[in-house]
Amino acid sequence: MLSHANALAPAPAAREGTAPLRGVPPGAPACAPGELWAAAHLSGCDGLSCLERLASHALRFTPRVGLVPPDGLLLEVQGSLHLFGGAARLREQLRGECQRLGLQPLIAFAPTPLAALAAARAGHELLVSDAAQLTGQLAGLPLAVLRWPEDSVARLARMGVRTVGALLRLPRAGFARRFGAVQLAVLDQLTGRTRQVVTAFRARERFRRRRDLGCELSHHAALLHALAPLFEALGTFLTTRQCAVLELECRLLHRQAAPTRCRMPLALPCADGARLQGLFAEYLSRLQLPEAVRACELRAAALVAQRPDTRSLWQPGEHGGDEQLAGVDLIERLRARLGTEAVHGLALREGHRPEHCWALSAPPPATLGRQRATDYPPRAAGRRPLWLLPAPQPLRVRDGLPCRRGPLRLVSELERIESGWWDDADVSRDYYTAIDPYGVRLWVFRERAAPHGWFVHGVFG
Amino acid sequence: MAGSAQLTRLLEHPAIWRGRTAAQRGGVPSGFAALDAYLPDHGWPRSGLIEILTGRFGSGELALLLPALAALTRAATARWCVWVAPPLMPFAPALVARGLLLDRVAVIGGAQPLWAFEQTLGSGAADAALAWARRPRLRELRRLQLAAERGRTLGVLFRPRRAATEASVAVLRLALEPLATGVRLRLLKGRSARRDALELSWPAGWVS
């Protein structure tokens with residue numbers, strides 16, 4: 001293992017005066033100043049998803065991460081060295097991340113990405129920070145690290161070129177003529193003569209985790225227990241991205257029946273894995289499972305940026321606790337068990353027709369200190385009943401007076417409501433207050449159009 | 001703003017003594033002077049379960065409560081006023097006319113009313129919650145009373161008049177009958193010795 005004395009690369013200004021790279025004419029641009037690439041060659045990596053998962057963990061060290069499938073990872077760490085205490089410590093932490101995912105890494109540092117990757121593939125955990133020393137350090141690496149086609153490597157072997165150092169000593173024009181300009185470009189990127197562009201890895205914004213259960217489960221409590229690690233992963237996912245989720249979907253897969261889907265919409269964005277799990281328990285208890293469950297999958301698609309607001313000292317529901325959270329919590333618990341339409345608020349609408357001058361609305365906002373914008377001017381208090389029937393009920397008429405469990409006594413003067421000629425709900429009624437034999441005040445009306453039926457529409461009191 | 005509201009609510013706890021003045025709050029003013037004099041706390045209790053027994057739905061029980069509910073929704077630290085599974089839909093223009101603020105009002109649908117009532121009382125998100133129950137068991141009533149204490153909510157349970165003979169854990173029980181111009185109340189259970197009937201007349205603007 002070869003390592004360099006000073007782990008931090010010197011400032012770019014100081015490096016201009018150092019010896020140029022071997023084989024590079026003076027005055028040619030050196031590799032991009034101030035970059036140090038870490039390459040990890042991973043054994044035990046099966047597939048792109050594993051690599052992507054490691055890359056999203058590696059985003060912790062630097063924002064510039066590149067993937068070299070099937071088993072390579074590149075990180076540009078020059079700006080992160082001082083945060084992690086030097087290249088050696090960074091290497092240890094990166095190794096720890098890889099091992100946590102079950103991969104065995106070989107990590108090398110070099111000024112160019114390809115050089116670092118080549119060294120890692122060869123098994124040399126280099127730490128080269130000075131571009132001048134790069135060619136010397138790469139000299140002993142076998143040609144296999146470049147992963148060139150077999151016939152090119154065989155031709156080079158027949159010419160007696162078996163190491164990267166020998167390759168770099170070949171004349172450029174002849175090499176290009178025999179092996180192609182593409183390979184020459186790769187060599188230039190290796191030494192840093194031209195800059196290699198590494199496409200940055202962007203972490204996926206969706207959360208989708210699946211867990212295959214060891215045995216088939218059909219009990220709700222056992223299912224919830226099996227889903228617990230998925231919710232924990234979701235919580236970590238949301239925290240690292242500073243996002244919150246508005247809707248969750250859980251799929252339960254059976255042997256023969258179609259997957260059972262359970263959607264859980266939320267009133268406010270939530271990023272707490274434990275709270276989501278508690279809410280999901282309510283939804284789960286309402287599900288009917290056709291068969292035993294073999295695998296479960298948790299998906300979260302709608303991610304919103306989360307603004308963490310100040311937490312209060314007391315828990316919701318405690319004395320002085322946060323009523324805003326308590327209200328939101330209550331709505332979500334009620335909706336989880338009773339359905340989304342179970343909780344609503346009331347709102348006024350313009351109009352005279354009793355059926356149309358009010359409507360159901362979203363549940364009231366839980367924030368304190370709201371503006372009183374919805375303070376409607378009070379109308380005559382006595383003229384409207386406190387309860388409205390869903391639809392007017394017809395009344396029997398005896399001796400010209402309506403009856404309901406006995407003859408009704410009309411105690412007010414009439415109020416005529418005629419409105420709605422512009423749509424089909426035309427209303428033309430004379431409203432009265434009536435008292436029934438038991439003392440209950442009713443709001444009744446008589447239609448002005450034939451056949452002049454009597455109806456009860458509301459109850460006072 | 002939210003912090004000072006929380007602090008105000010915390011200082012309203014009856015167990016906190018603030019030195020010069022004890023945290024005496026009494027009851028919620030009911031809006032009727034005669035009723036305030038009649039009730040044990042000089043108003044409706046701030047938290048706990050109360051029962052109102054009526055012969056028929058619509059005898060004036062909601063009108064009796066409305067001034068207090070309106071005052072609760074208009075307070076600075078107002079929480080919600082929740083209707084849990086009402087038999088009919090409350091008519092929003094009439095509520096507004098009696099002074100309620102509609103953006104503190106929530107209505108919960110009809111399935112599992114006692115569970116929803118218990119959740120509302122215990123959550124601490126509501127100042128007052130109203131529910132209608134036919135034959136709740138004593139065990140359920142006890143849970144409701146505990147939830148109301150925990151969430152510091154006034155829980156009002158409307159029951160039929162034949163429940164007057166059953167035992168109850170409610171803090172206050174009133175029996176109500178409609179009259180031509182108002183209601184007649186009788187205190188069945190409460191922390192005072194009055195057991196006479198009170199006749200209350202509605203204000204002039206209410207009876208058309």
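Caption draft 1: Summary view of the overall build of chain B. The helix and strand inventory of chain B stands at six helices and nine strands. Relative to its full complement of 208 residues, chain B shows a buried share of 48%. Restricting to contacts in chain B with at least 6 residues of sequence separation, those with at least 24 account for 65%.

Caption draft 2: The arrangement of the sheet that holds strand E3 (residues 72-76) of chain A in detail. Residues and elements named next belong to chain A. Spatially, the four strands line up as an open sheet ordered E2-E3-E1-E4, and their pairing is antiparallel. Each end of this open sheet is capped by a strand with a single partner; those strands are strand E2 (65-68) and strand E4 (104-110). Taken pair by pair, the neighbouring strands of this sheet meet at an average axis angle of 20°, ignoring direction. Here helix H4 (residues 87-100) sits on the sheet and contacts strand E1 (37-43) and E4; the angle it forms with E4, its principal contact strand, is near 150°. Helix-sheet contacts for helix H5 (residues 113-122) involve E1, E2, E3 and E4, and the interaxial angle to E1 is about 35°.

Caption draft 3: Spotlight on unusual backbone geometry. In this model, A:Pro69 is joined to A:Pro70 through a cis peptide bond whose omega is 10°. Position of A:Pro70 among the secondary structure elements: in the loop between E2 and E3. A:Ala450 connects to A:Pro451 through a cis peptide bond whose omega is 10°. We note that A:Arg147 has phi near 55°; this positive angle belongs to a residue other than glycine. At B:Arg152, a position not held by glycine, the phi torsion is positive, near 50°. Its location among the elements puts B:Arg152 in the loop between helix H6 (138-151) and strand E6 (154-160). Classification of B:Arg152 as buried rests on a count of 21 C-beta atoms within 10 Å.

Caption draft 4: Here's a closer look at the packing of helix H11 (residues 220-241) of chain A against helix H12 (residues 273-286) of chain A. Residue and element names in this part refer to chain A. Look at H11 against H12: their axes get within 9 Å of each other, and the N-to-C directions meet at 150°. Classified by the angle between their axes, H11 and H12 sit roughly antiparallel to one another. For H11 against H12, the interelement crossing comes out right-handed. From H11, His220, Leu223, Leu224, Ala228, Phe231, Glu232, Leu234 and Gly235 reach across to H12, where they touch Gly273, Leu276, Gln277, Ala281, Leu284 and Ser285. Taken together, the residues of the contact of H11 with H12 sort by class into eight nonpolar, five polar and one charged.

Caption draft 5: Inspection of the sheet that holds strand E9 (residues 197-201) of chain B at higher detail. Ordered by their spatial adjacency, ten strands build an open sheet running E11(A)-E10(A)-E4(B)-E2(B)-E5(B)-E6(B)-E1(B)-E7(B)-E8(B)-E9(B), and the pairing between neighbours is mixed. The sheet is open, and its two edges are formed by strand E11 (358-361) of chain A together with E9 of chain B, each paired on a single side. Strand after strand, the sheet turns through a mean of 25° between neighbouring axes, direction not considered. The sheet contact formed by strand E5 (residues 126-132) of chain B and E6(B) spans five bridges and is parallel. By the bridge assignment, B:Ala129 is partnered in E6(B) with B:Gly155. The sheet contacts of helix H5 (residues 113-123) of chain B involve strand E2 (80-84), strand E4 (105-108), E5 and E6 of chain B, and relative to E5(B) the element is tilted by about 165°.

Caption draft 6: How the structure looks around the pairing of strand E10 (residues 343-348) of chain A. As judged from the two bridges shared by E10(A) and E4(B), these two strands associate in the antiparallel manner. Residue A:His344 lies in a different strand from E4(B), and its bridge partner there is B:Val107. Two strands pair when backbone bridges link them, and E10(A) and E11(A) are joined in this way by four bridges, in the antiparallel orientation. What sits directly across from A:Ala347, in E11(A), is A:Ala359.

Caption draft 7: Representation of the nonpolar core. Judged by nonpolar contacts, the single largest core of 92 residues is most densely connected at A:Val444, B:Val82, B:Val84, B:Ile108, B:Ala128, B:Ala129 and B:Val156. Element by element, the count of residues in this core is highest for helix H3 (residues 61-74) of chain B, at eight residues. Among all residues touching B:Val84, those that are not within four sequence positions of it are B:Ile108, B:Pro113, B:Ala116, B:Phe117, B:Thr120, B:Ala129, B:Leu130 and B:Ala131. Listed in part, the 48 residues of the second largest apolar core include A:Leu54, A:Ala55, A:Leu81 and A:Ala118.

Caption draft 8: Here's a closer look at the environment of A:Gly400. Residues and elements named next belong to chain A. By secondary structure assignment, the location of Gly400 is in the loop between strand E13 (396-398) and strand E14 (401-403). Under the C-beta neighbour-count criterion, Gly400 is labelled exposed, with 6 such atoms within 10 Å. In this structure, the C-alpha to C-alpha distance between Gly400 and Trp454, residues 54 residues apart in sequence, is 10.0 Å.

Caption draft 9: Main features of the confidence of the model for chain B. When the pLDDT values of chain B are averaged, the result is 85; 93% of them are 70 or greater. This prediction of the complex comes with two scores: 0.61 for pTM and 0.86 for ipTM.

Caption draft 10: Expanded view of the confidence of the model for chain A. Put simply, chain A has an average pLDDT of 81, and 85% of its residues get 70 or more. Scored below 50 in pLDDT, residues 1-24 of chain A makes 39 contacts in the model with residues more than four places away or belonging to other chains.

Caption draft 11: Structural context of H5(A). Taken across its ten residues, H5(A) has nine buried, putting it largely inside the fold. Backbone geometry just after H5(A) places A:Gly123 at a positive phi near 95°.

Reading guide: rules and limits
- Every chain is numbered on its own, with residues counted from 1 as its sequence reads.
- All chains are assigned letters beginning at A, and all ligands numbers beginning at 1, according to the order in which they are written.
- Given that the model is predicted, a residue must reach a pLDDT of at least 70 before its local features are reported, and side-chain atom pairs must reach 80 or more before they are shown or counted; all residues, however, enter totals for whole chains, interfaces and linings.
- Per the convention used, a helix needs a DSSP run of H or I reaching at least four residues, while a strand needs a run of E reaching at least two, with both numbered from the N terminus.
- Our exposure labels follow a C-beta count within 10 Å of each residue's own C-beta, placed from the backbone: buried means 20 or more other C-beta atoms, exposed means 12 or fewer, and partly exposed covers the counts in between.
- Our contact criterion uses C-beta atoms placed from the backbone: two residues qualify when those atoms are within 7 Å.
- Here the rule is simple: two strands pair whenever DSSP picks up at least two bridges between them.
- Angles run from 0 to 180 degrees between N-to-C directions of axes, and those axes are lines fitted to C-alpha atoms, restricted for helices to the stretch in contact.
- Should an angle fall under 35 degrees it is taken as roughly parallel, and over 145 as roughly antiparallel, whereas 65 to 115 is taken as roughly perpendicular and any remaining angle as oblique.
- Should the near helix be turned anticlockwise from the far one by less than a right angle, the crossing is left-handed, and should it be turned clockwise, the crossing is right-handed.
- Just so you know the grouping, Ala, Val, Leu, Ile, Met, Phe, Trp, Tyr, Cys and Pro go in nonpolar, Asp, Glu, Lys and Arg go in charged, and all remaining residues, Gly too, go in polar.
- Throughout this description, the term nonpolar core refers to a group of buried Ala, Val, Leu, Ile, Met, Phe, Trp, Tyr and Cys residues whose C-beta atoms join them within 7 Å.
- The pLDDT value tells you how sure the predictor is about a given residue, anywhere from 0 up to 100.

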